[in-house]
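Architecture at a glance
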Amino acid sequence: MAAMTTSRFDTLQAPPKDPILGVKEEFLADAATDKINLSVGAYRTDEGQPWVLPPVAEARKRLIEGKLEHEYLPSTGLKSYCDRVDLLLRGKTSETSATVQGLSGTGGLRLCFEFLRRHHSPTVYVPAVTWSNHWNVLRDAGCDARPYTYLDGIKLDWPKLVADLEQAEEGAIILLHLCAHNPSGVDPSSEQWRELCALCQRKRFLPVFDSAYLGFASGDVDKDAAPFRLFCENGLQPWACISFSKNFGLYSERAGAVVASCASAREASAVRGHLGKLARALYSNPPAFGARVVDAVLADAALEARWRECLVVMSGRIADMRAKLRSALEARTARDWFVHCVGIKVRASARAIDATVCHAIDATVSARWRDGRCPRRSHITSQVGMFSYTGLNKQQVLRLRAEHHVYMLESGRLSMAGVTSSNVEPLAAAIAAVL
Ligand SMILES: Cc1ncc(COP(=O)(O)O)c(C=O)c1O
(Lines give C-alpha, C1' and ligand atoms only; values in the text may rest on other atoms or scores of the structure.)
Protein backbone atom coordinates (compact mmCIF):
# COMPACT_ATOMS: atom_id res chain seq x y z
CA MET A 1 0.00 0.00 0.00
CA ALA A 2 1.36 3.46 -0.93
CA ALA A 3 2.34 5.69 1.97
CA MET A 4 -0.05 8.55 2.64
CA THR A 5 1.56 11.84 1.61
CA THR A 6 -1.21 14.40 2.14
CA SER A 7 -1.58 16.02 5.51
CA ARG A 8 -4.96 15.87 7.20
CA PHE A 9 -4.43 18.88 9.41
CA ASP A 10 -2.19 21.15 7.39
CA THR A 11 -4.58 24.10 7.68
CA LEU A 12 -4.59 23.82 11.45
CA GLN A 13 -2.55 26.47 13.26
CA ALA A 14 -1.22 25.90 16.78
CA PRO A 15 -3.69 27.47 19.22
CA PRO A 16 -2.73 30.62 21.11
CA LYS A 17 -1.14 29.91 24.48
CA ASP A 18 -3.45 29.81 27.48
CA PRO A 19 -3.04 33.17 29.25
CA ILE A 20 -2.28 31.45 32.58
CA LEU A 21 -0.52 28.21 31.62
CA GLY A 22 1.52 29.98 28.92
CA VAL A 23 3.18 32.22 31.53
CA LYS A 24 4.12 29.16 33.58
CA GLU A 25 5.83 27.68 30.49
CA GLU A 26 7.76 30.91 29.99
CA PHE A 27 8.81 30.85 33.66
CA LEU A 28 10.06 27.25 33.38
CA ALA A 29 12.12 28.17 30.31
CA ASP A 30 13.84 31.08 32.15
CA ALA A 31 17.32 29.99 33.28
CA ALA A 32 17.64 32.69 35.99
CA THR A 33 18.08 31.29 39.49
CA ASP A 34 16.34 34.19 41.25
CA LYS A 35 13.16 34.02 39.13
CA ILE A 36 9.76 34.41 40.83
CA ASN A 37 6.58 32.72 39.57
CA LEU A 38 3.39 34.53 40.58
CA SER A 39 1.26 33.34 37.67
CA VAL A 40 -0.42 30.10 38.74
CA GLY A 41 -3.03 29.90 41.49
CA ALA A 42 -1.53 27.22 43.68
CA TYR A 43 -0.75 27.65 47.38
CA ARG A 44 2.89 27.67 48.45
CA THR A 45 4.41 27.64 51.93
CA ASP A 46 6.67 30.46 53.09
CA GLU A 47 9.51 28.31 51.75
CA GLY A 48 7.87 28.43 48.30
CA GLN A 49 6.92 24.75 48.42
CA PRO A 50 3.59 22.99 47.70
CA TRP A 51 1.81 21.98 50.92
CA VAL A 52 0.14 18.63 51.54
CA LEU A 53 -2.30 19.55 54.29
CA PRO A 54 -1.64 17.33 57.37
CA PRO A 55 -5.30 16.14 57.67
CA VAL A 56 -5.24 15.32 53.94
CA ALA A 57 -2.01 13.33 54.42
CA GLU A 58 -3.61 11.50 57.35
CA ALA A 59 -6.81 10.68 55.40
CA ARG A 60 -4.70 9.52 52.45
CA LYS A 61 -2.64 7.24 54.71
CA ARG A 62 -5.76 5.70 56.22
CA LEU A 63 -7.22 5.09 52.76
CA ILE A 64 -4.07 3.43 51.45
CA GLU A 65 -3.70 1.27 54.56
CA GLY A 66 -7.38 0.27 54.40
CA LYS A 67 -9.23 -1.75 51.82
CA LEU A 68 -8.81 0.50 48.81
CA GLU A 69 -10.41 -0.95 45.69
CA HIS A 70 -10.57 0.70 42.30
CA GLU A 71 -14.13 -0.04 41.26
CA TYR A 72 -16.11 2.43 39.15
CA LEU A 73 -18.08 5.09 40.98
CA PRO A 74 -21.64 5.86 39.82
CA SER A 75 -21.84 8.63 37.16
CA THR A 76 -23.09 10.97 39.90
CA GLY A 77 -20.03 10.18 42.05
CA LEU A 78 -19.46 9.01 45.61
CA LYS A 79 -22.76 9.42 47.50
CA SER A 80 -21.33 9.98 51.01
CA TYR A 81 -18.91 12.60 49.62
CA CYS A 82 -21.74 14.43 47.81
CA ASP A 83 -23.84 14.51 51.01
CA ARG A 84 -20.95 15.90 53.06
CA VAL A 85 -20.03 18.51 50.45
CA ASP A 86 -23.66 19.63 50.31
CA LEU A 87 -23.71 19.99 54.10
CA LEU A 88 -20.39 21.87 54.08
CA LEU A 89 -21.69 24.46 51.62
CA ARG A 90 -25.22 24.86 53.00
CA GLY A 91 -24.43 24.46 56.70
CA LYS A 92 -27.50 22.19 56.96
CA THR A 93 -28.98 19.20 55.16
CA SER A 94 -31.52 19.72 52.42
CA GLU A 95 -33.99 17.29 50.90
CA THR A 96 -34.24 19.45 47.81
CA SER A 97 -30.57 19.52 46.88
CA ALA A 98 -29.12 17.62 43.95
CA THR A 99 -25.38 17.32 44.50
CA VAL A 100 -23.21 15.31 42.15
CA GLN A 101 -19.45 14.89 41.95
CA GLY A 102 -17.70 16.95 39.26
CA LEU A 103 -14.23 16.83 37.72
CA SER A 104 -13.07 19.47 40.15
CA GLY A 105 -14.10 23.09 39.52
CA THR A 106 -13.60 23.16 35.75
CA GLY A 107 -15.39 19.87 35.04
CA GLY A 108 -18.19 20.84 37.43
CA LEU A 109 -18.71 24.11 35.57
CA ARG A 110 -18.86 22.26 32.26
CA LEU A 111 -21.38 19.74 33.59
CA CYS A 112 -23.48 22.47 35.19
CA PHE A 113 -23.65 24.58 32.02
CA GLU A 114 -24.28 21.55 29.77
CA PHE A 115 -27.33 20.86 31.92
CA LEU A 116 -28.51 24.46 32.16
CA ARG A 117 -28.17 25.11 28.42
CA ARG A 118 -30.30 22.04 27.64
CA HIS A 119 -32.88 22.40 30.39
CA HIS A 120 -33.01 26.09 31.27
CA SER A 121 -31.32 28.75 29.10
CA PRO A 122 -28.15 29.20 27.03
CA THR A 123 -27.77 32.81 28.19
CA VAL A 124 -25.15 33.30 30.89
CA TYR A 125 -24.03 36.68 32.23
CA VAL A 126 -20.39 36.56 33.27
CA PRO A 127 -18.31 39.19 35.10
CA ALA A 128 -16.39 41.01 32.34
CA VAL A 129 -13.24 40.42 34.37
CA THR A 130 -13.16 36.77 35.36
CA TRP A 131 -11.11 33.55 35.41
CA SER A 132 -10.13 33.32 31.73
CA ASN A 133 -11.18 29.68 31.41
CA HIS A 134 -14.84 30.59 32.09
CA TRP A 135 -15.11 31.82 28.51
CA ASN A 136 -13.69 28.53 27.13
CA VAL A 137 -15.95 26.37 29.28
CA LEU A 138 -19.07 28.35 28.37
CA ARG A 139 -18.19 28.37 24.66
CA ASP A 140 -17.67 24.60 24.60
CA ALA A 141 -20.88 24.02 26.58
CA GLY A 142 -22.70 25.89 23.79
CA CYS A 143 -23.75 28.81 25.99
CA ASP A 144 -24.18 32.41 24.98
CA ALA A 145 -21.80 34.13 27.44
CA ARG A 146 -22.38 37.85 27.88
CA PRO A 147 -20.18 40.10 30.03
CA TYR A 148 -21.48 42.32 32.81
CA THR A 149 -19.32 45.09 34.28
CA TYR A 150 -17.41 44.03 37.39
CA LEU A 151 -14.43 46.33 37.87
CA ASP A 152 -13.41 49.87 37.22
CA GLY A 153 -9.62 49.50 37.18
CA ILE A 154 -8.93 47.87 40.52
CA LYS A 155 -12.26 48.69 42.27
CA LEU A 156 -15.69 47.07 42.10
CA ASP A 157 -17.80 49.14 39.71
CA TRP A 158 -21.00 48.68 41.67
CA PRO A 159 -23.24 51.21 39.83
CA LYS A 160 -22.35 49.77 36.41
CA LEU A 161 -22.58 46.19 37.64
CA VAL A 162 -26.12 46.84 38.88
CA ALA A 163 -27.06 48.77 35.72
CA ASP A 164 -25.81 45.95 33.47
CA LEU A 165 -27.73 43.30 35.39
CA GLU A 166 -30.88 45.44 35.40
CA GLN A 167 -30.65 45.41 31.59
CA ALA A 168 -30.00 41.64 31.41
CA GLU A 169 -32.59 39.20 30.05
CA GLU A 170 -35.10 38.09 32.64
CA GLY A 171 -34.68 34.48 33.78
CA ALA A 172 -31.09 34.29 32.50
CA ILE A 173 -28.24 32.57 34.31
CA ILE A 174 -25.80 34.76 36.20
CA LEU A 175 -22.33 33.54 37.07
CA LEU A 176 -21.00 34.85 40.39
CA HIS A 177 -17.75 34.19 42.23
CA LEU A 178 -18.68 33.04 45.73
CA CYS A 179 -15.60 34.62 47.32
CA ALA A 180 -12.00 35.63 46.54
CA HIS A 181 -12.87 36.77 43.01
CA ASN A 182 -10.32 35.54 40.50
CA PRO A 183 -8.42 37.51 39.16
CA SER A 184 -9.08 40.65 41.18
CA GLY A 185 -9.51 39.60 44.84
CA VAL A 186 -12.38 42.14 44.94
CA ASP A 187 -15.65 40.80 46.41
CA PRO A 188 -18.98 42.59 46.97
CA SER A 189 -19.63 43.68 50.58
CA SER A 190 -22.37 41.94 52.67
CA GLU A 191 -24.69 44.87 51.90
CA GLN A 192 -23.97 44.58 48.17
CA TRP A 193 -24.65 40.83 48.27
CA ARG A 194 -28.06 41.59 49.83
CA GLU A 195 -28.80 44.08 47.02
CA LEU A 196 -27.61 41.57 44.42
CA CYS A 197 -29.84 38.92 45.96
CA ALA A 198 -32.88 41.25 45.68
CA LEU A 199 -31.96 42.12 42.08
CA CYS A 200 -31.63 38.42 41.13
CA GLN A 201 -35.01 37.77 42.74
CA ARG A 202 -36.67 40.61 40.82
CA LYS A 203 -35.12 39.51 37.51
CA ARG A 204 -35.78 35.79 38.20
CA PHE A 205 -32.12 35.00 37.48
CA LEU A 206 -30.68 31.57 38.09
CA PRO A 207 -27.48 32.26 40.09
CA VAL A 208 -24.51 29.92 39.67
CA PHE A 209 -21.75 30.41 42.24
CA ASP A 210 -18.27 29.44 41.15
CA SER A 211 -16.91 28.24 44.49
CA ALA A 212 -13.23 27.54 43.85
CA TYR A 213 -11.98 29.31 46.99
CA LEU A 214 -14.42 28.30 49.75
CA GLY A 215 -12.64 29.05 53.06
CA PHE A 216 -9.71 30.70 51.31
CA ALA A 217 -10.92 34.30 51.48
CA SER A 218 -11.59 34.64 55.21
CA GLY A 219 -10.15 31.35 56.51
CA ASP A 220 -13.71 30.42 57.56
CA VAL A 221 -15.92 28.21 55.36
CA ASP A 222 -19.15 29.47 56.93
CA LYS A 223 -18.27 33.11 56.37
CA ASP A 224 -17.22 32.48 52.76
CA ALA A 225 -20.38 30.43 52.08
CA ALA A 226 -22.63 33.28 53.32
CA PRO A 227 -23.69 34.62 49.86
CA PHE A 228 -24.81 31.13 48.73
CA ARG A 229 -26.75 30.63 51.97
CA LEU A 230 -28.31 34.11 51.69
CA PHE A 231 -29.56 33.29 48.18
CA CYS A 232 -30.95 29.95 49.44
CA GLU A 233 -32.79 31.62 52.34
CA ASN A 234 -34.39 34.02 49.88
CA GLY A 235 -35.68 31.21 47.69
CA LEU A 236 -33.40 31.80 44.68
CA GLN A 237 -32.48 28.12 44.37
CA PRO A 238 -28.85 28.86 43.50
CA TRP A 239 -26.37 26.39 42.02
CA ALA A 240 -22.71 26.08 42.92
CA CYS A 241 -19.67 24.52 41.29
CA ILE A 242 -17.18 23.60 43.98
CA SER A 243 -13.49 22.82 43.66
CA PHE A 244 -11.32 21.25 46.36
CA SER A 245 -8.11 22.06 44.49
CA LYS A 246 -7.07 25.06 46.57
CA ASN A 247 -8.75 24.58 49.94
CA PHE A 248 -7.73 20.90 50.26
CA GLY A 249 -4.59 21.22 48.10
CA LEU A 250 -5.92 18.40 45.90
CA TYR A 251 -5.09 20.10 42.61
CA SER A 252 -4.38 17.01 40.51
CA GLU A 253 -7.01 14.78 42.09
CA ARG A 254 -9.94 16.60 40.43
CA ALA A 255 -12.27 16.59 43.44
CA GLY A 256 -15.27 18.87 43.01
CA ALA A 257 -19.03 18.97 42.93
CA VAL A 258 -22.08 20.55 41.31
CA VAL A 259 -24.66 21.59 43.88
CA ALA A 260 -28.16 22.33 42.55
CA SER A 261 -30.93 23.77 44.71
CA CYS A 262 -34.34 22.56 43.58
CA ALA A 263 -37.98 23.25 44.44
CA SER A 264 -38.78 19.71 45.67
CA ALA A 265 -37.21 16.35 46.42
CA ARG A 266 -38.81 14.96 43.25
CA GLU A 267 -37.24 17.72 41.15
CA ALA A 268 -33.86 17.20 42.87
CA SER A 269 -33.95 13.51 42.01
CA ALA A 270 -34.68 14.27 38.33
CA VAL A 271 -31.94 16.93 38.16
CA ARG A 272 -29.43 14.54 39.78
CA GLY A 273 -30.40 11.84 37.30
CA HIS A 274 -29.91 14.14 34.31
CA LEU A 275 -26.56 15.43 35.59
CA GLY A 276 -25.49 11.79 35.93
CA LYS A 277 -26.72 11.06 32.38
CA LEU A 278 -24.63 13.93 31.01
CA ALA A 279 -21.58 12.79 33.00
CA ARG A 280 -22.03 9.26 31.59
CA ALA A 281 -21.62 10.55 28.04
CA LEU A 282 -18.81 13.01 28.87
CA TYR A 283 -16.50 10.84 31.02
CA SER A 284 -18.71 8.03 32.34
CA ASN A 285 -17.76 8.41 36.01
CA PRO A 286 -15.51 10.64 38.12
CA PRO A 287 -12.17 9.72 39.74
CA ALA A 288 -12.55 8.35 43.25
CA PHE A 289 -9.39 9.05 45.22
CA GLY A 290 -9.64 12.81 45.81
CA ALA A 291 -13.34 12.52 46.66
CA ARG A 292 -12.53 9.75 49.15
CA VAL A 293 -9.90 11.96 50.79
CA VAL A 294 -12.34 14.87 51.19
CA ASP A 295 -15.02 12.46 52.40
CA ALA A 296 -12.67 10.93 54.98
CA VAL A 297 -11.64 14.36 56.32
CA LEU A 298 -15.21 15.65 56.56
CA ALA A 299 -16.41 12.37 58.13
CA ASP A 300 -14.02 12.69 61.07
CA ALA A 301 -14.65 15.64 63.43
CA ALA A 302 -10.99 15.82 64.50
CA LEU A 303 -9.67 15.76 60.92
CA GLU A 304 -12.26 18.32 59.84
CA ALA A 305 -11.20 20.64 62.68
CA ARG A 306 -7.55 20.30 61.60
CA TRP A 307 -8.54 21.05 58.00
CA ARG A 308 -10.37 24.20 59.11
CA GLU A 309 -7.17 25.24 60.94
CA CYS A 310 -5.24 24.75 57.68
CA LEU A 311 -7.58 27.24 55.99
CA VAL A 312 -6.72 29.78 58.69
CA VAL A 313 -3.00 29.08 58.16
CA MET A 314 -3.20 29.45 54.35
CA SER A 315 -5.41 32.55 54.29
CA GLY A 316 -3.39 34.03 57.18
CA ARG A 317 -0.07 33.58 55.40
CA ILE A 318 -1.47 35.23 52.29
CA ALA A 319 -2.84 38.18 54.34
CA ASP A 320 0.58 38.49 55.96
CA MET A 321 2.27 38.62 52.56
CA ARG A 322 -0.19 41.28 51.40
CA ALA A 323 0.79 43.46 54.37
CA LYS A 324 4.52 42.86 53.79
CA LEU A 325 4.29 43.59 50.06
CA ARG A 326 2.30 46.75 50.70
CA SER A 327 4.80 48.14 53.19
CA ALA A 328 7.76 47.14 51.01
CA LEU A 329 6.16 48.96 48.05
CA GLU A 330 5.28 52.02 50.11
CA ALA A 331 8.82 52.18 51.47
CA ARG A 332 10.21 52.15 47.95
CA THR A 333 7.73 54.44 46.25
CA ALA A 334 7.34 56.77 49.28
CA ARG A 335 3.60 56.96 48.78
CA ASP A 336 0.39 55.04 49.25
CA TRP A 337 0.41 52.19 46.75
CA PHE A 338 -3.26 52.79 46.00
CA VAL A 339 -2.58 56.44 45.26
CA HIS A 340 0.30 55.37 43.10
CA CYS A 341 -1.93 53.18 40.96
CA VAL A 342 -4.49 55.97 40.68
CA GLY A 343 -1.65 58.21 39.56
CA ILE A 344 -0.64 55.68 36.92
CA LYS A 345 -4.25 55.44 35.79
CA VAL A 346 -4.62 59.20 35.56
CA ARG A 347 -1.52 59.36 33.41
CA ALA A 348 -2.48 56.38 31.25
CA SER A 349 -6.07 57.42 30.61
CA ALA A 350 -5.26 61.04 30.03
CA ARG A 351 -2.78 60.96 27.21
CA ALA A 352 -4.67 63.98 25.91
CA ILE A 353 -3.87 65.88 29.10
CA ASP A 354 -0.55 67.58 29.35
CA ALA A 355 2.04 65.38 31.12
CA THR A 356 2.81 68.12 33.64
CA VAL A 357 -0.87 68.25 34.67
CA CYS A 358 -0.82 64.49 35.28
CA HIS A 359 2.32 64.77 37.36
CA ALA A 360 0.81 67.61 39.33
CA ILE A 361 -2.33 65.56 40.17
CA ASP A 362 -0.18 62.59 41.17
CA ALA A 363 2.16 64.74 43.28
CA THR A 364 -0.73 66.52 45.07
CA VAL A 365 -2.47 63.26 46.00
CA SER A 366 0.81 61.70 47.12
CA ALA A 367 1.70 64.74 49.26
CA ARG A 368 -1.75 64.61 50.88
CA TRP A 369 -1.18 60.97 51.68
CA ARG A 370 2.22 61.66 53.21
CA ASP A 371 0.96 64.36 55.56
CA GLY A 372 -2.11 62.31 56.55
CA ARG A 373 -4.79 64.26 54.67
CA CYS A 374 -5.65 61.25 52.52
CA PRO A 375 -7.01 57.94 53.94
CA ARG A 376 -4.31 55.30 54.20
CA ARG A 377 -5.62 52.36 52.32
CA SER A 378 -4.32 50.05 49.70
CA HIS A 379 -5.94 47.59 47.36
CA ILE A 380 -3.04 45.20 48.03
CA THR A 381 -4.36 44.66 51.56
CA SER A 382 -8.08 45.20 50.95
CA GLN A 383 -8.32 42.57 48.21
CA VAL A 384 -8.88 39.01 49.48
CA GLY A 385 -7.96 35.47 48.53
CA MET A 386 -5.17 34.13 46.40
CA PHE A 387 -4.92 36.91 43.83
CA SER A 388 -4.18 40.58 43.66
CA TYR A 389 -4.92 42.92 40.79
CA THR A 390 -1.86 45.13 41.14
CA GLY A 391 -2.84 47.86 38.70
CA LEU A 392 0.37 47.26 36.74
CA ASN A 393 -0.14 47.54 32.99
CA LYS A 394 0.93 45.06 30.29
CA GLN A 395 4.09 46.97 29.44
CA GLN A 396 5.21 46.96 33.10
CA VAL A 397 4.40 43.25 33.44
CA LEU A 398 6.50 42.44 30.35
CA ARG A 399 9.39 44.48 31.74
CA LEU A 400 9.12 42.59 35.04
CA ARG A 401 9.54 39.32 33.11
CA ALA A 402 12.34 40.46 30.82
CA GLU A 403 14.37 42.55 33.25
CA HIS A 404 13.61 41.06 36.68
CA HIS A 405 12.47 37.44 36.02
CA VAL A 406 9.19 38.10 37.84
CA TYR A 407 6.23 36.35 36.19
CA MET A 408 2.62 37.46 36.58
CA LEU A 409 -0.32 37.67 34.15
CA GLU A 410 -0.40 40.43 31.56
CA SER A 411 -3.52 41.80 33.26
CA GLY A 412 -1.32 42.67 36.27
CA ARG A 413 -2.76 39.78 38.33
CA LEU A 414 -0.30 38.17 40.69
CA SER A 415 -0.78 35.13 42.88
CA MET A 416 -0.11 36.21 46.47
CA ALA A 417 0.35 32.52 47.29
CA GLY A 418 3.70 32.65 45.49
CA VAL A 419 4.96 35.59 47.59
CA THR A 420 7.21 34.55 50.49
CA SER A 421 9.20 36.25 53.26
CA SER A 422 12.34 35.81 51.16
CA ASN A 423 11.05 37.04 47.79
CA VAL A 424 8.81 39.90 48.93
CA GLU A 425 11.62 42.50 49.09
CA PRO A 426 13.14 41.64 45.67
CA LEU A 427 9.60 41.60 44.27
CA ALA A 428 8.84 45.09 45.63
CA ALA A 429 12.18 46.33 44.30
CA ALA A 430 11.41 44.92 40.85
CA ILE A 431 7.94 46.47 40.81
CA ALA A 432 9.30 49.83 41.93
CA ALA A 433 11.90 49.66 39.16
CA VAL A 434 9.29 49.34 36.37
CA LEU A 435 6.94 52.10 37.55
C1 LIG B 1 -12.56 31.01 39.62
C2 LIG B 1 -12.11 29.62 39.34
N3 LIG B 1 -13.01 28.71 39.02
C4 LIG B 1 -12.67 27.44 38.76
C5 LIG B 1 -11.37 27.04 38.81
C6 LIG B 1 -11.02 25.62 38.44
O7 LIG B 1 -10.62 24.87 39.47
P8 LIG B 1 -10.04 23.40 39.24
O9 LIG B 1 -8.58 23.56 39.05
O10 LIG B 1 -10.40 22.72 40.49
O11 LIG B 1 -10.70 22.82 38.05
C12 LIG B 1 -10.37 27.96 39.14
C13 LIG B 1 -8.96 27.56 39.18
O14 LIG B 1 -8.05 28.34 39.20
C15 LIG B 1 -10.76 29.28 39.43
O16 LIG B 1 -9.86 30.22 39.75
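Right above here is the structure, for reference.
The structure reproduced in this document is the subject of the present report. (Residues numbered from 1 in each chain as written. Predicted model: local features only at pLDDT ≥ 70, side-chain atom pairs only at ≥ 80, totals over all residues.)

Describing the overall build of the chain
Threshold: Think of it this way: any DSSP run of H or I at least four residues long counts as a helix, any run of E at least two long counts as a strand, and we number them from the N terminus. Each residue is classed by its C-beta neighbour count within 10 Å, where at least 20 other C-beta atoms makes it buried, 12 or fewer makes it exposed, and intermediate counts make it partly exposed; the C-beta atoms are placed from backbone geometry.
The number of helices and strands found in the chain is 17 helices and 13 strands. A burial count over the chain gives 43% of its 435 residues as buried.

Quick notes on the site of the ligand
How we decide: What makes a residue near a molecule or strand is its C-beta atom, placed from the backbone, lying within 6 Å of it. Gly falls in the polar group here, along with every residue not listed as nonpolar (Ala, Val, Leu, Ile, Met, Phe, Trp, Tyr, Cys, Pro) or charged (Asp, Glu, Lys, Arg).
All residues in the neighbourhood of the ligand are listed as Gly 41, Ser 104, Gly 105, Thr 106, Trp 131, His 177, Asn 182, Asp 210, Ala 212, Ser 243, Ser 245 and Gly 256. The element contributing the most residues to the shell around the ligand is helix H4 (residues 104–119), with 3 residues. Split into classes, the residues belonging to the shell around the ligand amount to 2 nonpolar, 9 polar and 1 charged.

Quick look at the packing of helix H7 (residues 190–202) against helix H9 (residues 226–233)
Which entries qualify depends on this criterion: The convention used is that axes are lines fitted to C-alpha atoms, helices contributing only their stretch in contact, and that angles between N-to-C directions extend from 0 to 180 degrees. Rotating anticlockwise by less than a right angle from the far helix to the near helix defines a left-handed crossing, while the corresponding clockwise rotation defines a right-handed one. Any pair of residues counts as being in contact when their C-beta atoms, constructed from backbone geometry, are within 7 Å of one another.
Where H7 meets H9, the axes come as close as 10 Å, and the angle between the chain directions of the two elements is 35 degrees. Between H7 and H9 lies a crossing of right-handed hand. Across the interface between the two elements, Trp 193, Arg 194 and Cys 197 of H7 pack against Pro 227, Leu 230 and Phe 231 of H9. Within the contact of H7 with H9, the residues separate by chemical class into 5 nonpolar, no polar and 1 charged.

Looking at the pairing of strand S8 (residues 206–211)
As a reminder of what qualifies: Criterion used throughout: strands pair if DSSP finds at least two bridges between them. A clockwise path from the first strand over the helix to the second, with the strands pointing away from the viewer, defines a right-handed crossover.
Of all the 6 residues making up S8, 5 are buried; the element is thus mostly covered by neighbouring parts of the structure. In this structure, strand S7 (residues 173–177) lies alongside S8, joined through 5 bridges in parallel fashion. Pairing of Ile 174 across the sheet is with Pro 207, part of S8. With H7 bridging S7 and the parallel S8, this β-α-β connection has right-handed handedness. Here 4 bridges tie S8 to strand S9 (residues 239–243), and the two strands are oriented parallel to one another. Bridged to Ser 211 within S9 is Ile 242.

Brief notes about the environment of Arg 60
With respect to the helices and strands, the residue Arg 60 is situated in helix H2 (residues 54–65). Here Arg 60 falls in the buried class, since 20 other C-beta atoms lie within 10 Å of it. Each C-alpha atom of the pair Arg 60 and Val 294 lies 9.4 Å from the other, and the pair is 234 residues apart in sequence.

A short note on the sheet that holds strand S4 (residues 144–148)
Read from one edge of the open sheet, 7 strands run S2-S10-S9-S8-S7-S3-S4, paired in mixed fashion. Each edge of the open sheet is held by one strand with a lone partner, namely strand S2 (97–103) and S4. Recorded for the sheet is a direction-independent mean angle of 20 degrees between the axes of neighbouring strands.

Considerations on the nonpolar core
As a reminder of what qualifies: Core membership is restricted to buried Ala, Val, Leu, Ile, Met, Phe, Trp, Tyr and Cys residues, and these are joined into a nonpolar core through C-beta atoms within 7 Å.
If you look at the biggest cluster of nonpolar residues, it comprises 102 residues, and the most contacted ones within it are Cys 112 and Val 258. Looking at this core, the element that brings in the most residues is helix H12 (residues 301–333), giving 9 residues. Aside from chain neighbours lying at most four places away, what touches Cys 112 is Val 208, Trp 239, Cys 241 and Val 258.

Details of H9
Where we set the bar: Throughout, the arc means that of the directions going from the helix axis to the C-beta atoms.
Those residues of H9 that sit buried are Pro 227, Phe 228, Phe 231 and Cys 232. Angularly, the buried residues of H9 cover 140 degrees about the axis, an arc narrow enough to put them on a single face. Elements that come into contact with the buried residues of H9 comprise helix H3 (79–90), H7, S8, S9 and strand S10 (255–261). Gly 235 occupies a position one or two residues after H9 and carries a positive phi of about 75 degrees.

Quick look at the packing of H2 against H12
Put simply, H2 and H12 touch, their axes get as near as 8 Å, and they point 145 degrees apart. Where H2 abuts H12, its residues Pro 54, Pro 55, Glu 58 and Ala 59 lie against Leu 303, Arg 306, Trp 307 and Cys 310. In terms of residue class, the contact of H2 with H12 is built from 6 nonpolar, no polar and 2 charged.

Some words on the environment of Glu 69
Structurally, Glu 69 is set in the loop between H2 and H3. Here Glu 69 falls in the exposed class, since 6 other C-beta atoms lie within 10 Å of it. Considering only alpha carbons, one finds Glu 69 and Ala 288, 219 residues apart in sequence, at a separation of 9.8 Å.

Topic: unusual backbone geometry
Asn 182 connects to Pro 183 through a cis peptide bond whose omega is 20 degrees. With respect to the helices and strands, the residue Pro 183 is situated in the loop between S7 and H7. A positive phi is found at Arg 254, a non-glycine position, where the angle reads about 55 degrees. Structurally, Arg 254 is set in the loop between S9 and S10.

A look at the environment of Asp 144
Checked against the element boundaries, Asp 144 lands in strand S4. For the pair Asp 144 and Arg 117, spaced 27 residues apart in sequence, the C-alpha separation works out to 9.0 Å. For Asp 144, the residues in contact, after removing those within four places along its chain, are Pro 122, Thr 123 and Val 124.

Digging into the pairing of S9
In summary, the side chains of a regular strand alternate between the two faces of the sheet. Within S9, 5 of the 5 residues are buried, which leaves the element mostly enclosed by the surrounding structure. For S9 and S10, the ladder comprises 5 bridges, and the chain directions are antiparallel. Within S10, the residue paired with Cys 241 across the bridge is Val 258.

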